[in-house]
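Chain residues, written in single-letter form:
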Amino acid sequence: MTTPTSLPPPTGVPARLRRSSTDRMLGGVCGGLATYTGIDAVLWRAAVVALSLAGGAGLVLYAVLWVLTPADPPAPGEQPRPLDRFVDRLAGRADGAA
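(A) How the structure looks around the nonpolar core. Counting seven residues, the largest nonpolar core is built from V29, C30, L33, V48, Y62, W66 and V87. Secondary structure elements with two or more residues in this core: α1 (29–37) and α3 (57–68). Among the elements that take part in this core, α1 stands out by supplying three residues, more than any other. Ignoring anything within four residues of it in the chain, the contact list for V29 reads R19, Y62, L65 and W66.

The structure is reproduced here in structure tokens:
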């Protein structure tokens, strides 16, 4: 018997969009979108690149989502990345560790 790699959230608990701390190339936005929607992160990255090449909307959308989407909480014993702390301060989210 095999078990799925990621289980859906329990019934009644809405899924939350968060920037991924594990599936990231830049800010974790596409990895977070992949987890949230179930669509592979490579397809989200391709969409961002396509929108960027077709007028720059992909870069603007990525930057907005990077600032507005909270990061995954760091693993125990792991410190948030400096860029994540900066983006969280920019978005006005309080840092509980500071």
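(B) Structural view of the pattern of salt bridges. If you walk through the whole model with that rule in mind, you get one salt bridge. Residue D23 pairs with R45 through a salt bridge whose shortest N-O separation is 3.0 Å. Here D23, found in the segment before α1, pairs with R45, found in helix α2 (residues 41–53); they are 22 residues apart in sequence, far enough to count as distant. Relative accessible area serves as the criterion here: at 32%, D23 is assigned to the partly exposed category.

(C) View of α2. Compared with an ideal rise of 1.5 Å per residue, which puts 13 residues at 18 Å, α2 spans 18 Å between its outermost C-alpha atoms and is within 8% of the ideal. Among all positions in α2, only A41, R45, V48 and S52 are buried. Viewed along the axis of α2, the buried residues span an arc of 60 degrees, placing them on a single side of the element. For α2, the exposed residues set more than 90 degrees away from the buried face come down to V42, L43 and L53. Residues of α2 that are buried in the fold lie against α1 and α3. Positive phi appears at G55, one or two residues downstream of α2, with a value of about 125 degrees.

Reading the values: rules and limits
- Each chain carries its own residue numbering, running from 1 in the written order of its sequence.
- Given that the model is predicted, a residue must reach a pLDDT of at least 70 before its local features are reported, and side-chain atom pairs must reach 80 or more before they are shown or counted; all residues, however, enter totals for whole chains, interfaces and linings.
- Side-chain descriptors were evaluated using all non-hydrogen atoms of the structure, hydrogens and water having been removed beforehand.
- In this text, buried Ala, Val, Leu, Ile, Met, Phe, Trp, Tyr and Cys residues form a nonpolar core when linked through side-chain atoms within 4.5 Å.
- Throughout, exposure labels follow a simple rule: accessible area from a 1.4 Å probe, protein chains only, divided by the maximum for the residue type, with under 20% read as buried, over 50% as exposed, and the rest as partly exposed.
- Labels follow the DSSP assignment, with helices taken as runs of H or I lasting at least four residues and strands as runs of E lasting at least two, numbered in each case from the N terminus.
- Contact criterion: two residues are considered in contact whenever any of their non-hydrogen atoms come within 4.5 Å of each other.
- Think of a salt bridge as a Lys or Arg side-chain nitrogen and an Asp or Glu carboxyl oxygen that are within 4 Å of each other.
- By definition here, a helix of n residues has an expected span of 1.5 Å times n minus one.
- By arc we mean the arc of the directions from the helix axis to the C-beta atoms, nothing more.

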